[in-house]
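Given next are the chains, with one letter for each unit.
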Amino acid sequence: MCNNQKMREWLSAYLDGQLSQQEKIEVDVHLNECNDCKKYYAQLQSLRKMLSKYAQEELSPDSEQKIKNDFLGGKLKREAVMKKKILISAGSVALTLVLVFVFAVQPMVKRGISGRLKESSAKISGGAGYSAGSTNDSFTVYEGDALLATVAQHGSASVLKKGGAANNGFRWESADGAYRHTDYAMAAKSFSNAQSLDSADYAVRRYWTSASRSTAMAPMQAPASAQVYPEYSDVPIVIVEPYLPQSGNGEKVIYSAAAYIKVKDAQAAYDRAAQITRENKGFLGSTNFEQTSDGKAVAHMMLRVPREKFETVLNALRTLGDVKGVNSSNVDISQQYQELTQQLDNAKVVYDKMVAAFKDKKTDIEKAQRMESALTPYLLRIEALRNQLAVYDNQVMMSTITVTFEESSLHTFLKHDFEDIHAQMAQKAATALKSLALMVPAFIAFVVALLCALAVWNFLKDKFIKK
Amino acid sequence: MHKTDEELMMGYRSGDTSCLEEIFGRYKKQIFNYAFKVLTNRADAEEAVSESFYILTGKKEAYKPDPQAKFSTWLYTITHNVCIDLIRKRKRVIFIWGVKRDKDSDCEEQWDLPDNKDLPDQAAEQNDCAAAVKKALEKLPLEMKEALVLREYQQLSYDEIGKVLNCTLEKVKILLFRARERLRIELLPFMKEADNV
């Protein structure tokens, strides 16, 4: 078999009469000599014959007329068809997008909204829970197995579930009508009403003392009444409505606080703090104004304010700058005060008795001096006790707030500015991410819709429009 | 009086739509056959014819008679481009639906075969041969198929084929040689006459 590739290529062109005269002569010569190529050429001729047998196809008259109408009928028809196609495609896209939105995007948005709502409600409830401690005048005691929650940090409200071991429980002292915070839990079984609390068999591990708590409750009066809500049949709720603490009325508690506040202008803060103090019927105990080595002004103030204005003033001071720290304390000196009073009474009795014994007795100077000398310690003791009680009274009636205003350095402000900028950037990034989270599915949906529309277009065109 | 294609086209350019009808009458069969062989689908071929003549109407202003290029070559070039577009479109459909549309029974086209009822054996043989030719043609790569169809069925010269396919003369030669070589191997069992040489 002749495998002359070039000759075969020539034979193909020879068949079509596309060779030059010289090439044609060469092929003729080769064909006379080579049987393989002669056979190959015969096959090419046979192939042509086979192909030519089925050469012609005819357009059907209908098709011919339709085609004629298509291009002779003009552009208008084509444009109408195009419009129809576009309408169908646009409709498909819109429908698909709507479906995709309904089934894919909307739940996402919904989730996002509910997430934000949850977040907001959490914030609200968190805030409410916190503020309830200082604003609510009632607390709730649940019967049950465990402590659900406590908001007793501020001492005027708490949620307690019976029987559980938990801190921040309450103990009721029906004898004097006051209750105190305890550090340990109670195992109360029945809180039918406030008056029977003390008789319930919950155990008090240890009394809470005011000294061991920094921000905790003031002693309160016992509730005048308690309400039981029967709709919670398995968990009777006892709502106790305590009275506001009344400092100095039987109980002696000294309130004091120290605050450290960064401000832009120490002088302005100082002036404002003085104004706040005066507005609340207080006075400035001592003040000190100094400048540090790096030029920052620092103001130290000791404010004395009436007990009932203590929290008001403290909150007002918080608004003057960036609060870096607040320490507040309340020292219950009731016992000491009582003891001092008792000691004073005793001293008075002894003194009075001694005075009565010496009274109207005739004696010489020497004896009189000795008698007076014997009375003097008691007299001094009585004076000392009185002074001490007066100091206590003063401390109880007028709370002390020590506040330091320090100007922030430039660096600090810059740092704060940067923090603000970073926070804003983070917020924007979060917003962008949220948008992206919506955009990506929307884009995917759009692409899917486009593909669907394309498919529908092709399908409809092939099935209906063309025919 | 017989007008040349170029004269008819110029007549159509000047607003005589009967010239277009005359052109359509002359070329409808050739264009349809070319498209049918290339696309192997009657509906697509009809669409190709329609589209080709529609494009022709749109490009009438751009047409300029050229002694170096026949009108038929220009028309085949338009049809060639239309066929390429249709094949691309068909591929997109396949991509979207994941199936070959021309495999559907509705679209499967049979070539018109000679009616030889009197000679059943011969007819059957010819049917087999036609089916084999069709199959072999379908298997050819598009460019080879087009070159072969233009040469064997439309009798275009190598030069004209080169213009339609936008390739060189040498490439046309190679395309035709390779197409014939493939068909020869495929259809060898049917070449009885050649065996007798």
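Only a predicted model underlies this, so the values are computations on that prediction, with no experimental measurement involved.

(A) Region of the structure containing the overall build of chain B. Tallying secondary structure elements over chain B gives 9 helices and 0 strands in all. Its helices and strands in sequence order give chain B the pattern α-α-α-α-α-α-α-α-α, from N to C terminus. Within chain B, the fraction of its 197 residues that count as buried is 36%. Counting contacts in chain B only where the partners sit at least 6 residues apart, residues at least 24 apart contribute 60% of the total.

(B) Layout of the overall build of chain A. Of regular secondary structure, chain A possesses 10 helices and 12 strands. Within the span of chain A, comprising 467 residues, buried residues form 22% of the whole. Sequence-distant contacts in chain A: of pairs separated by 6 or more residues, those separated by 24 or more amount to 66%.

(C) A look at the nonpolar core. Judged by nonpolar contacts, the single largest core of 64 residues is most densely connected at B:Ala35 and B:Ala147. The element best represented in this core is helix H2 (residues 17-39) of chain B, accounting for 11 residues. Discounting residues that sit within four places of it in the chain, B:Ala147 has contacts with B:Ile161, B:Leu165, B:Val172, B:Leu175, B:Leu176 and B:Ala179. Counting 26 residues, the second largest nonpolar core, distinct from the first, contains A:Ile261, A:Ala266, A:Tyr270 and A:Met398.

(D) Layout of the interface of chain A and chain B. In this complex, chain A contributes 36 residues to the contact, which on the side of chain B involves 39 residues. Where the side of chain A that touches chain B is concerned, the elements lending two or more residues are helix H1 (5-15), helix H3 (35-53), helix H4 (61-72) and helix H10 (410-465) of chain A. The element best represented in the side of chain A that touches chain B is H3(A), accounting for 11 residues. Residues that form the side of chain A that touches chain B fall into these classes: 15 nonpolar, 8 polar and 13 charged.

(E) Representation of the packing of H3(A) against helix H8 (residues 169-187) of chain B within the structure. Direction vectors running N to C along H3(A) and H8(B) enclose 85°, while the axes themselves pass 10 Å from each other. In terms of their interaxial angle, H3(A) and H8(B) are classed as roughly perpendicular. Contact residues: A:Gln43, A:Leu44, A:Leu47 and A:Met50 in H3(A); B:Arg180, B:Leu183, B:Arg184 and B:Leu187 in H8(B). In terms of residue class, the contact of H3(A) with H8(B) is built from 5 nonpolar, 1 polar and 2 charged.

(F) Layout of the packing of H2(B) against helix H6 (residues 142-152) of chain B. Residue and element names in this part refer to chain B. Relative to each other, H2 and H6 sit at 150°, their axes nearing to 10 Å. Comparing the axis directions of H2 and H6 gives the class roughly antiparallel. You can see that H2 and H6 cross each other, and the crossing is right-handed. For the pair H2 and H6, the contacting residues are Tyr34, Lys37 and Val38 in the first and Lys145, Glu146, Val149 and Leu150 in the second. Residues belonging to the contact of H2 with H6 are distributed by class as follows: 4 nonpolar, no polar and 3 charged.

(G) Structural view of the pairing of strand E9 (residues 283-291) of chain A. Residues and elements named next belong to chain A. Burial analysis of E9 places just 0 of its 9 residues in the buried class, which makes it a mostly uncovered element. As judged from the 8 bridges shared by E9 and strand E10 (residues 297-306), these two strands associate in the antiparallel manner. In the strand pairing of E10, Phe283 is matched with Arg304. With antiparallel pairing between neighbouring strands as the criterion, E9 and E10 make up a hairpin whose turn holds 5 residues, including Gly295 at a positive phi of roughly 85°.

(H) Structural view of unusual backbone geometry. Here A:Lys281, not a glycine, exhibits a phi torsion of approximately 65°, which is positive. With respect to the helices and strands, A:Lys281 occurs in the loop between helix H6 (266-279) and E9. Using a count of 12 C-beta atoms within 10 Å as the deciding quantity, one classes A:Lys281 as exposed. One non-glycine residue, B:Gln155, adopts positive backbone phi at about 55°. Residue position: B:Gln155 is located in the loop between H6 and helix H7 (158-165).

(I) Geometry of the confidence of the model for chain B. Residues and elements named next belong to chain B. Scored by pLDDT, chain B has a mean of 80; 79% of the residues are at 70 or more. Residue range residues 101-109 is modelled with pLDDT below 50. Its contacts to residues more than four positions away, or to other chains, number 13 contacts. Low pLDDT, under 50, characterises residues 113-118; the predicted model gives this stretch 8 contacts beyond four residues in sequence or across chains. Scored as a whole, the predicted complex attains pTM 0.43, and scored at its interfaces, ipTM 0.81.

(J) Seen up close, the sheet that holds strand E8 (residues 253-263) of chain A. Residue and element names in this part refer to chain A. Taken in spatial order, the 5 strands of this open sheet run E9-E10-E12-E8-E11, and their pairing is mixed. Of all the strands in the sheet, the pair left with one neighbour each is E9 and strand E11 (322-332). Averaged over all neighbouring strand pairs, the angle between strand axes comes to 10°, with direction disregarded. Sheet topology note: the E8/E11 ladder contains 10 bridges and is antiparallel. Opposite Tyr255, over in E11, you have Asn330 as the bridge partner.

(K) Expanded view of H3(A). With 19 residues, H3(A) should reach 27 Å at 1.5 Å per residue; the first-to-last C-alpha distance of 27 Å fits that figure. Turning to H3(A), its buried residues number three or more, namely A:Cys37, A:Tyr40, A:Tyr41, A:Gln43, A:Leu44, A:Ser46, A:Leu47, A:Met50 and A:Leu51.

(L) Representation of the environment of A:Leu95 within the structure. Looking at the element boundaries, A:Leu95 is found in helix H5 (residues 75-135). Take A:Leu95: there are 14 C-beta atoms within 10 Å of it, and that puts it in the partly exposed class.

(M) Focus on helix H7 (residues 310-318) of chain A. All names here are of chain A. Considered for burial, the residues of H7 that qualify are Phe310, Val313, Leu314 and Leu317. Viewed along the axis of H7, the buried residues span an arc of 100°, placing them on a single side of the element. Check the buried side of H7 and you find it contacts E8, H6, E10 and strand E12 (398-407).

(N) Here's a closer look at the environment of B:Arg184. The residue B:Arg184 is located in helix H8 in this model. Spatially, the C-alpha atom of B:Arg184 lies 9.3 Å from that of B:Ala136, the residues being 48 residues apart in sequence. When near neighbours in sequence (up to four residues on either side) are disregarded, B:Arg184 contacts A:Gln43, A:Leu44 and A:Leu47.

(O) Just the confidence of the model for chain A, in detail. For chain A, per-residue confidence averages 69 on the pLDDT scale, and residues scoring 70 or more make up 63% of the total. Note that pLDDT drops below 50 for residues 120-248 of chain A; the model gives that stretch 208 contacts with residues more than four away or on any other chain.

(P) Just the environment of B:Thr17, in detail. Topologically, B:Thr17 is positioned in helix H2. Classification of B:Thr17 as exposed rests on a count of 12 C-beta atoms within 10 Å. Separated by 40 residues in the primary sequence, B:Thr17 and B:Thr57 have C-alpha atoms spaced 9.8 Å apart. Excluding residues that lie within four positions of it along the chain, B:Thr17 makes contacts with A:Leu72 and B:Tyr12.

Rules of the game
Residues numbered from 1 in each chain as written. Chains lettered and ligands numbered in written order. Predicted model: local features only at pLDDT ≥ 70, side-chain atom pairs only at ≥ 80, totals over all residues. Helix = DSSP H or I, 4+ residues; strand = E, 2+ residues; numbered from the N terminus. Buried ≥ 20, exposed ≤ 12 C-beta atoms within 10 Å, placed from the backbone. Contact = placed C-beta atoms within 7 Å. Core = buried A, V, L, I, M, F, W, Y, C linked by C-beta atoms within 7 Å. Nonpolar A, V, L, I, M, F, W, Y, C, P; charged D, E, K, R; others polar. Axes fitted to C-alpha atoms, helices over the stretch in contact; angles between N-to-C directions. Parallel < 35°, antiparallel > 145°, perpendicular 65-115°, else oblique. Left-handed = near helix turned anticlockwise from the far one by under 90°. Pairing = 2+ DSSP bridges. pLDDT = per-residue confidence, 0-100. Expected span 1.5 Å × (residues − 1). Arc of directions from axis to C-beta.

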